[in-house]
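A look at the structure
This is what each chain is made of:
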Amino acid sequence: MSEATQYQEINDLLSKNKGYKEGFYTQTTVETFEKGLNETVVRAISAKKNEPQWMLDFRLKAFEHWKTMKEPHWAKAEYEPLDYQDYSYYSAPDCSACGDHCQTDGADAAEPEMDPEVAKAFAALGVPVYGDETSEKTNIAVDAIFDSVSVSTTKREDLAKLGIIFCSFSEAVQDYPELVQKYLGSVVPYHDNYFAALNSAVASDGTFVYIPEGVRSPIDLSTYFRINEAKTGQFERTILIAEKDSYVSYLEGCSAPVRDTYQLHAAVVEVIVHENAEVKYSTVQNWYPGDEDCEGGILNFVTKRGVCEGANSKLSWTQAETGSAITWKYPSCVLKGDNSIGEFYSVALTNRRQQADTGTKMIHIGKNTRSTIISKGLSAGKSDNTYRGLVKILPTAEGARNFTQCDSMLIGNQCGAHTFPYIEVENPTAKMEHEATTSRIGEDQLFYCQQRGISEQDAISMIVNGFCKEVFSELPLEFAQEAEELLAVSLEGSVG
Amino acid sequence: MLLKVENLHAQVAEDESKQILKGLNLEVKPGEVHAIMGPNGAGKSTLSSVLAGREDYEVTEGHATFDGEDLLELDPEDRARKGVFLAFQYPVEIPGVSNKLFMQTAVNAIREEKGLPALDMFDFDEYAQSKIELLNMRKDLLDRSVNVGFSGGEKKRNDIFQMALLEPKLCILDETDSGLDIDAMKVVANGVNSLRSEDRSFIVVTHYQRLLNYIKPDHVHVLYDGKIIKSGGFELVHELEEKGYDDIIQAHNAIQTNSK
């Protein structure tokens, strides 16, 4: 059998239309800015959100800097340079019930009514946007973001009793300006990289989480991002602060309608973990990947970074990446505090012509800092899946340790898996371990399963889930299930 | 008749120059143990693969019926569900998938075919433990990932364990003895012997005689150049042991030449 035909069947199986069930579009009255990006637009966004001067200054500074920067193309993902003038930088459901300033009415104002069409969209996505729902997901607080604005944040009163702040970023700018000013740009400066600068200039909305000293959040906090409008960029800004001795598990999920032009998503997430605190940050990313050729999918250019500021702090990133046409994302940990711990668990699945360049950075500064990286890349179809990671041990990081494991699985013979591990060690006491494997779901494995009576579809899903097991076990239970199902859907063909 | 193979011709898929089976005939009755022996390249593994439905090979002529059904029409998983089991020459590793999940899925697929209810975790565990004891396997066998980190011998034993769980009608052992030391081979042979029954047949494909000394087949066939050139009883094993394949092959070639 020739090489080309050997995996034809698997490819056929994978190329069948995958059911992107989140691909619906919500018809509602929206207020969307004209396409284009200039200083006036930046000012208009800020005015729309009724922002204080310092926030506008931050945006303008970032915008000025962004104009001097070049779009990066070093990732192992090919895309045409984007026309930033061809996107709209603000879109929000027009909510007549509360007027233009519903984001800024203050926490004591009655919760504005949500646009029923938007509420329907979230209901269809299984996102509990009303805190009183008796669904199985009630043990979770949700911030629901629709295009550029946060439309609902549930359970905030319950959380407020514990001193936990859980609100949209826009609200935080109004209500907690000292906190936002203190931390905004402290982990990811506005000049950090091209997309971080763009985000700092046109940041739409995002989530703000503050866990006070000694508080363990009794429920999971989560944000659901939904891009709805065509040709709109989503630039959310999320800040999460865990004070001394606190704990929180935070989850985020995302999806978008089926579109025929690329949609841009450039988020910035900053996490600050103080002494003895622990943050678990989980993402299930299911952005629309585009059509067969990945035209029209989401371009996901995200900067996520956390700093373990205090001693014995811990930050754990877990991600299941299945969507987007292009993913460019490296959730990182800056391990400043002595004995602090950074973890990165990732499953990235690419199919068709998707391109993912994802990984992490672990920067060891404090003594006896430890980091663990488990990355599982799955490539199918004609996709390219790249792990890119940096482990850096600074001279101060006496006794630092890192364990890295990068496993790649190829499904078919037209896809690619690449691993670029960068290791920089400047302290001789450091202990580094690195393991990498590449395997292929081959005819051999499939035939072995089939010979035991197991159907081809069940066999693929069994093999893939087995491969990802170590990472899924790190996800909160419901998310783990969702991630497994997503993998199954993403690899869906039809049997017989 | 459980299996009837008539005039079977098979080639490497999409490669006409690689004709491997060239008119093979074989009949297996319920409860019989057949050994298929032959030199390297005779087509032994191809026969196993074709019967199990591997797509690397293409049948160009001939028939095979299993339990009265056209075997060659069935997908590999359907052949397995109807009772064809192949013990692999090289059992495959599946990381992260426990033997338990793998075999529970397999057992339930086969039970569904038989119209039996699926076994839940507890029932399956109990069932599997009984087989572990029967075959004297390691207790942690079920918890380990399928064949990952197994020695060559352990992989083959795991295949025999799977065979015991699936209770097939026809077991094909494809050079299961290759690469095994004498102790591991005894374990495999004991496994096969303990699974022998009136309604279960075996085709033991092997290059060497020694496994057959422990299994004692009812019928022995010599496969050469894609055909069975000699059949006999267990005594044929000893004849081969003494004289090797050359005598039989030469005799066969002489007949071929004369008949032309």
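Residues numbered from 1 in each chain as written. Chains lettered and ligands numbered in written order. Predicted model: local features only at pLDDT ≥ 70, side-chain atom pairs only at ≥ 80, totals over all residues. Heavy atoms only, no water.

**Focus on the overall build of chain B**
Scanning chain B from terminus to terminus reveals eight helices and twelve strands. A globule of 260 residues ought to have a C-alpha radius of gyration of about 18 Å, and chain B, at 19 Å, matches this closely. Along the three orthogonal principal directions, the C-alpha set of chain B runs to about 65 × 40 × 35 Å. Per-residue burial for chain B yields a buried fraction of 52% across its 260 residues. Within chain B, contacts between residues at least 6 apart in sequence are counted, and of these 68% link residues at least 24 apart. For chain B, the separation between the mean place of its 29 positive charges and that of its 45 negative charges on side chains is 4 Å. (Helix = DSSP H or I, 4+ residues; strand = E, 2+ residues; numbered from the N terminus. Rg over C-alpha atoms; globule rule 2.2 N^0.38 Å. Buried < 20%, exposed > 50% of the residue type's maximum accessible area, 1.4 Å probe, protein only. Contact = heavy atoms within 4.5 Å. Lys, Arg positive; Asp, Glu negative; His and termini not counted. Charge placed at Lys NZ, Arg CZ, Asp CG, Glu CD.)

**Regarding the overall build of chain A**
Helix and strand content of chain A: twelve helices and 25 strands. Classification of the 496 residues of chain A by burial places 63% in the buried group. Within chain A, contacts between residues at least 6 apart in sequence are counted, and of these 84% link residues at least 24 apart. Accessible surface for chain A amounts to roughly 18,100 Å². Of this, 48% is attributable to carbon and sulfur atoms. (Areas by Shrake-Rupley, 256 points an atom, 1.4 Å probe, with all protein chains shown as cover.)

**Here's the deal with the pattern of salt bridges**
For the coordinates displayed, the defined rule picks out 34 salt bridges over all chains. For the salt bridge of B:Asp159 with A:Arg452, the shortest nitrogen-to-oxygen distance reads 3.2 Å. With B:Asp159 in helix H5 (residues 152-166) and A:Arg452 in the loop between helix H10 (443-451) and helix H11 (456-472), the pair connects residues from two separate chains. Grouping residues by exposure puts B:Asp159 and A:Arg452 together as buried. Counted as one network, the salt bridges with shared partners bring together B:Arg138, B:Asp140, B:Arg144 and B:Glu154. (Salt bridge = Lys/Arg side-chain N within 4 Å of Asp/Glu carboxyl O.)

**Thoughts on empty space enclosed by the protein**
All names here are of chain A. Applying the stated criterion to the full structure yields four cavities of 30 Å³ or more. Estimates place the volume of the largest cavity at around 100 Å³. Taken together, 16 residues make up the lining of the largest cavity; nearest its centre are Ser-375, Gly-377, Asn-385, Thr-386 and Tyr-387. Secondary-structure elements contributing two or more residues to the lining of the largest cavity are strand E18 (341-350), strand E21 (370-379), strand E22 (384-393), strand E23 (401-411) and strand E24 (416-425). Tallied by class, the residues present in the lining of the largest cavity amount to four nonpolar, ten polar and two charged. (1 Å grid on protein atoms, 1.4 Å probe; cavity = no way out; pocket = protein on both sides within 12 Å on 5 of 7 lines; lining within 4 Å. Points joined across faces, edges and corners; volume = space filled by probe spheres on them. Nonpolar A, V, L, I, M, F, W, Y, C, P; charged D, E, K, R; others polar.)

**Quick word on the nonpolar core**
Within the largest apolar cluster, 107 residues are counted, with the highest numbers of intra-cluster contacts made by A:Leu378, B:Leu3, B:Phe102, B:Phe161, B:Met163, B:Phe202 and B:Ile203. Ignoring any residue separated from it by four or fewer positions in sequence, one finds B:Met163 in contact with B:Phe85, B:Pro168, B:Cys171, B:Leu173, B:Val192, B:Leu195 and B:Phe202. Judged by nonpolar contacts, the second largest core, of 57 residues, contains A:Ala62, A:Phe63, A:Trp328 and A:Leu394. (Core = buried A, V, L, I, M, F, W, Y, C linked by side-chain atoms within 4.5 Å.)

**Quick word on the interface of chain B and chain A**
With 34 residues of chain B at the contact, the number on the chain A side is 21 residues. Where chain B abuts chain A, roughly 2,300 Å² becomes buried across the two surfaces, and 60% of that area is made up of carbon and sulfur atoms. Connecting chain B to chain A are two salt bridges. Here chain B and chain A share 13 residue pairs in polar contact (both at pLDDT 80 or more) between them. Elements represented by at least two residues in the side of chain B that touches chain A include exactly helix H2 (76-81), strand E6 (84-87), strand E7 (94-98), helix H3 (99-113) and H5 of chain B. Here the side of chain B that touches chain A takes six residues from H3(B), the largest share from any one element. For the side of chain B that touches chain A, the residue count by class is 21 nonpolar, five polar and eight charged. (Buried area = accessible area lost by both parts, 1.4 Å probe. Polar contact = N/O pair within 3.5 Å; in protein donor to acceptor, adjacent residues only side chain to side chain.)

**Let's talk about the packing of aromatic side chains**
All names here are of chain A. Under the definition given, this model contains 19 aromatic pairs over all chains. Judged by centre distance (4.8 Å) and plane angle (55°), the ring pair of Tyr-250 and Tyr-281 falls under tilted. Pair noted here: Tyr-250 is in strand E10 (residues 247-255) and Tyr-281 is in strand E13 (residues 278-285), with a separation of 31 residues, a long-range link. The same class applies to Tyr-250 and to Tyr-281, which are both buried. Judged by centre distance (4.8 Å) and plane angle (55°), the ring pair of Tyr-281 and Trp-317 falls under tilted. Taken as a pair, Tyr-281 in strand E13 and Trp-317 in strand E15 (residues 314-321) lie far apart in primary sequence, 36 residues in all. Accessibility classification places Tyr-281 together with Trp-317 in one group, the buried group. Seen from the ring of Phe-467, Lys-376 lies directly overhead, with NZ or CZ sitting 5.1 Å from the centre. (Phe/Tyr/Trp six-rings, centres within 6.5 Å; stacked < 30°, edge-to-face > 60°. Lys NZ or Arg CZ within 6 Å of the ring centre and 35° of its normal.)

**Description of the confidence of the model for chain A**
Residues and elements named next belong to chain A. Here chain A averages 81 in pLDDT, while 78% of its residues score no lower than 70. Here residues 1-18 scores under 50 on pLDDT; set against residues more than four positions off or in separate chains, the count is 51 contacts. The low-confidence segment residues 95-111 (pLDDT under 50) makes 21 contacts with residues lying over four places distant or belonging to another chain. (pLDDT = per-residue confidence, 0-100.)

**Concerning the side chain of B:Arg79**
All names here are of chain B. Of note, Arg-79 is situated in helix H2. Buried within the structure, Arg-79 lacks any salt-bridge partner; Asp-75 is the closest side chain of opposite charge, at an N-O distance of 7.1 Å. In contact with Arg-79, not counting residues within four places along its chain, are Val-50, Leu-51, Ala-52, Gly-53, Leu-71, Leu-72, Leu-74 and Val-84.

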